[in-house]
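# Observations on the model geometry
Chain by chain, the residues:
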Amino acid sequence: MLESLAISLVDAVPVLSGVPLWTITLLIMVVVAAVVLTFALTYAGLATYVERKVAGDIQARIGPNRVGPVGILQFLADGIKLLLKEDIIPAKADRFLFVLAPYLVFIGSFAAFVVVPFGVGLIASDLNIGIYYVMAITSLVVVGVLVAGWASNNKWALLGGMRAAAQIVSYEIPVGMALLPAVLIAGSLSLQDIVRSQGGLFGIFGWNLFHNPFTFFSFFLYYVAALAETNRTPFDIPEAESELVAGYHVEYSGIRFAFFFLAEYGDMFVVSALATACFLGGWHVPFLNAEALPAVWGNLFSLGVFLGKALGLVVVMMWVRWTLPRLRVDQLMRMSWKYLVPLTFFNLLGVSLWLLLFQGRGIPQMIASLFG
Amino acid sequence: MGFKAYLYDIWEAVATTAKGMRITARYGVDPRETITLQYPEERWEPSERYRGFLHNDIKRCTSCTMCVRVCPVDCISLEAVRGADKKMVLASYDINIGRCMYCGLCVEVCPPKSLVHTSGYEMATVSRGELILHFVPEDAETVKGRVAKQVAEAAAKAEAEKAKAEAEKGEAEKAAKPADAPQAPDPSPPPKPPREEAAPFIQPAAPAFAAGNPETADAAGKKPAKETEEEPAKAGDEGGEGKE
Ligand code: SF4
Ligand code: SF4
């Protein structure tokens, strides 16, 4: 895809024809990566601010309101503070792994942004195994967390790392099985294909969410399981403050801690973006065919709609976080293995049967066909 | 666990989560639920009966020492001297507000109601000595010196008047008895014949009494004025040097 972009760029600007094609392709790749990373970091910064505001509102407080108008610049202040803090590496830590771990976590979380379908043509790389890629690359987070816990040479950190590994590995299964219905309906693992399969019917009733009862439950099952995968309250036992001080990142300070922090918010967005793409119609603009619009407007509209849906889900995550208390370890495991795994499994079975019985047509489609 | 209980578990989880989220959403959305007050910019109005920092209107204070005696934690100390007009003059009136427990007994007991609770509640100092409120702006020694001078002047005037009166009396006796003494130059000290014992009573610079915290007063011995200065000086060693 990027190569074709490079070819069209060379066609448009004849001066570039002397430059080898791979240079231009590489350049475009770097630019795209920079844009995605910039978005991710800006989002993560603002999300910390929004999270604190949401927490404040829910707890009948005001939240940050000192830095800039209504405290909007708080995240910049925090970022600068984290940058300037002393970088401490414990004497008995495994230095190499200790330094490596934040990058693993950060990469695992932000590499998933590559396949997030932001708009009609706005996707860094439309991999044909998009969902598979996300599931695989976010597993890097487990490795990073486990490494962080081990390298810190601290019992709290190690316990946190072990818990995180157990939790994420357990919840990968329901997450995967809850996403499969969308894959089945679209017949493709590419996220763009999955989003495209949800068009039509006023742009709302085409959503997989309303396809059939099983996909409806699938969405919620995915959301809960994914929430657990992001290690956020009520599933934040890897960093449970009251038990483990701060879990796997207890020994980290300054910018290394910031990496963990940003990765958590990046994870939140990836999870919400996946839920949006797979169940909430992705970038489909309601009552409008975004693909038929002129490229600029179509992309802008679809970007806005997609971000609106995904960030809405992020806010719901914050809402859940400030509502529910933390689960115990055994409760967490029971929830995964005794509830989510069987439920998602039956759900998958139900969706498969439905698709088999009704030739892949959803309820809204059937109702629409009744009226011609 | 039976299948029914299993399903019920799921239902309960969903229902309770929804209930909790409804409550938090209400708090999150309703602006009236935000009760935080932006403290330094806005603040609650303390109640009328709020017992804040003490304030003594020293013009009305009669130096009766009732407040000193009643205070359970001995945080009030005062010094007073007898003035020229026989009224007590406050040389110093200090309240160690850092020790006060705001029981309000001193306010209740004050006969002229000069001691009152204000609504003040904000005070931060770098040393404990600064928590002592001084209500007499001048130094105790200055006041005592001035009062002593006034007393001495009054005594001298009385003496002179007495002498004059005697002289006049002698003159009058000598002369043909005029109606009265022409006039007293200053009517405020009543032209009574000064008694002999009045002079030792108004010994210059001798405090009529000094009341205060027993332990510090005892330590200060015969110089009660030093007592109030002691604590600030001690605390000043920690950093507030020169605050007095
Ligand atoms: S309020 Fe109570 S503790 Fe404070 S000075 Fe008065 S009597 Fe003493
Ligand atoms: S009780 Fe009142 S009048 Fe008496 S010494 Fe104390 S403040 Fe002055």
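Residues numbered from 1 in each chain as written. Chains lettered and ligands numbered in written order. Predicted model: local features only at pLDDT ≥ 70, side-chain atom pairs only at ≥ 80, totals over all residues. Heavy atoms only, no water.

## Some thoughts on the packing of aromatic side chains
Stated formally: Note on aromatic pairs: the rings of Phe, Tyr and Trp (six-membered ring only in Trp) are paired at centre separations within 6.5 Å, and the planes decide the class, stacked below 30 degrees, edge-to-face beyond 60, tilted for the rest. Helix numbers and strand numbers start at the N terminus; a helix is a DSSP run of H or I with at least 4 residues, a strand a run of E with at least 2. When the NZ atom of lysine or the CZ atom of arginine is within 6 Å of a ring's centre and also within 35 degrees of its normal, the charge is said to sit over that ring.
On inspection of all chains with the given rule, the structure shows 30 aromatic pairs over all chains. Where B:Phe53 meets B:Tyr102, the ring centres are 6.4 Å apart and the plane angle is 40°; that geometry is what we call tilted. One end of the pair, B:Phe53, is in the loop between helix H1 (3-29) and strand S1 (54-56); the other, B:Tyr102, is in the loop between strand S3 (88-96) and helix H3 (105-109), and 49 residues separate them in sequence. Here a set of aromatic residues connected by ring pairs shows up, and it is made of A:Phe39, A:Tyr43, A:Tyr103, A:Phe106, A:Phe110, A:Phe113, A:Phe118, A:Phe259, A:Phe269 and A:Phe306. In this structure, A:Lys155 is placed above the aromatic ring of A:Trp156, and the distance from its NZ or CZ to the ring centre is 5.3 Å.

## So, the site of ligand 1
How we decide: Put simply, a residue is near a molecule or strand once any heavy atom of it comes within 4 Å of that molecule or strand. Following the grouping adopted for this structure description, the nonpolar residues are Ala, Val, Leu, Ile, Met, Phe, Trp, Tyr, Cys and Pro, the charged ones are Asp, Glu, Lys and Arg, and the polar ones are all others, Gly among them.
Taken together, B:Leu54, B:Cys71, B:Pro72, B:Val73, B:Cys75, B:Ile76, B:Cys100, B:Met101, B:Tyr102, B:Cys103, B:Gly104 and B:Cys106 make up the full set of residues adjacent to ligand 1. Tallied by class, the residues present in the shell around ligand 1 amount to 11 nonpolar, 1 polar and no charged.

## Focus on the pairing of strand S2 (residues 76-82) of chain B
All names here are of chain B. The following threshold applies: Whether a residue is buried, partly exposed or exposed follows from its accessible area with a 1.4 Å probe, protein chains only, as a fraction of its type maximum: under 20%, in between, or over 50%, in that order. At least two bridges found by DSSP between two strands is the condition for calling them paired.
The element S2 is largely enclosed, with a buried count of 6 among its 7 residues. Summarising the sheet, S2 and S3 pair through 7 bridges and their orientation is antiparallel. Note that in S3 the partner of Val81 across the bridge is Val89. Hairpin connection of S2 to S3: 5 residues between the antiparallel strands, including Lys86 at a positive phi of 75°.

## Regarding the interface of chain B and chain A
Filter applied, for reference: By the convention used here, residues are in contact when the closest approach between their heavy atoms is within 4.5 Å. Joining two parts hides part of their accessible area as seen by a 1.4 Å probe, and the buried area is that hidden amount summed over both. Note on definitions: salt bridges are taken to be side-chain nitrogens of Lys or Arg within 4 Å of carboxyl oxygens of Asp or Glu. Residues adjacent in sequence count toward polar contacts only when both atoms are side-chain atoms; beyond that, a polar contact is any pair of N or O atoms within 3.5 Å, and within protein one must be able to donate a hydrogen and the other to accept it.
Contacts between the two partners involve 17 residues from chain B, matched on the other side by 17 residues from chain A. Interface of chain B and chain A: buried area, both sides summed, is about 1400 Å²; carbon and sulfur atoms make up 60% of it. Together, B:Tyr6, B:Met21 and B:Thr24 form the three largest contributors to the area buried by chain B at its contact with chain A, with a combined 35%. Counting across the chain B and chain A interface gives 1 salt bridge. Among the salt bridges present, the one from B:Glu41 reaches A:Arg66, with a minimum N-O distance of 3.3 Å. In this assembly, chain B and chain A are joined by 8 residue pairs in polar contact (both at pLDDT 80 or more). For the side of chain B that touches chain A, the class distribution of residues is 7 nonpolar, 7 polar and 3 charged.

## What to know about the nonpolar core
Note the following rule: For our purposes a nonpolar core is just a set of buried Ala, Val, Leu, Ile, Met, Phe, Trp, Tyr and Cys residues, chained together by side-chain atoms within 4.5 Å.
Ranked by size, the top nonpolar core spans 68 residues in total, and within it A:Leu179, A:Tyr222, A:Phe269 and A:Phe306 carry the most contacts. Residue contributions to this core peak at 13 residues, all from helix H11 (residues 254-279) of chain A. Not counting chain neighbours up to four residues away, the residues in contact with A:Leu179 comprise A:Ile131, A:Met135, A:Tyr222, A:Leu274, A:Cys278 and A:Phe279. Residues B:Phe53, B:Cys61, B:Cys71 and B:Phe135 belong to the second largest nonpolar core, which totals 30 residues.

## A look at the confidence of the model for chain B
Residue and element names in this part refer to chain B. We apply this condition: A residue's pLDDT is the predictor's confidence in that residue, given on a scale from 0 to 100.
Per-residue confidence for chain B averages 74 on the pLDDT scale, and 70% of its residues sit at or above 70. In the predicted structure, residues 189-208 sits below a pLDDT of 50 and forms 16 contacts with residues beyond four places in sequence or in another chain. Note on residues 214-244: pLDDT is under 50 here. Beyond four places in sequence and across chains, it has 34 contacts. Predicted as a complex, the structure gets a pTM of 0.69 and an ipTM equal to 0.71.

## Let's talk about the pairing of S3(B)
Residue and element names in this part refer to chain B. Burial within S3 is extensive, with 8 of its 9 residues counted as buried. Pairing of S3 with strand S5 (residues 132-134), which is carried by 3 bridges, proceeds in the antiparallel orientation. In the sheet register, Asp94 faces S5, and the bridge partner there is His134.

## Topic: H11(A)
Working note: α-helix, 3.6 residues per turn, so residues spaced by three or four point in the same direction. Residue and element names in this part refer to chain A. Selection rule: Each helix should span, by expectation, one fewer than its residue count multiplied by 1.5 Å.
Taking 1.5 Å per residue, 26 residues should reach 38 Å; H11 reaches 38 Å between its end C-alpha atoms and fits that length. Counted residue by residue, H11 has 23 buried out of 26 residues, so it is predominantly covered. Following H11 by one or two positions, Gly281 has its phi on the positive side, about 80°.

## A look at unusual backbone geometry
A positive phi angle is found at B:Ser63, which is not glycine, with a value near 55°. Positioned with a positive phi, B:Thr65 is a non-glycine residue whose angle comes to about 65°.

## Observations concerning H1(B)
An ideal rise of 1.5 Å per residue puts 39 Å on 27 residues; H1(B) measures up with 39 Å between its terminal C-alpha atoms. Buried within H1(B) we find B:Tyr6, B:Gly20, B:Met21 and B:Thr24.

## Quick notes on the site of ligand 2
With respect to spatial proximity, 15 residues lie near ligand 2, and among them B:Cys61, B:Cys64, B:Thr65, B:Cys67 and B:Cys110 are the closest. In the shell around ligand 2, the residues fall into 10 nonpolar, 5 polar and no charged.

## A closer look at the pattern of salt bridges
For the structure shown, the criterion picks out 10 salt bridges over all chains. The residue A:Arg328 makes a salt bridge to A:Asp330 at a minimum N-O spacing of 2.9 Å. By relative accessible area, which is 49% here, A:Arg328 ends up partly exposed. On the basis of relative accessibility, which here comes to 40%, the residue A:Asp330 falls in the partly exposed class. Where B:Lys144 meets B:Glu79, a salt bridge forms, and the shortest distance between an N and an O atom there is 2.7 Å. Here the residue B:Lys144 occupies a position in helix H4 (residues 140-174), and B:Glu79 occupies one in strand S2, the gap between them amounting to 65 residues. Since its relative accessible area comes to 7%, B:Lys144 is described here as buried. In this structure B:Glu79 comes out as buried when scored by relative accessible area, which is 3%. Among the charged side chains, a network of salt bridges with common partners joins B:Glu79, B:Glu141 and B:Lys144.

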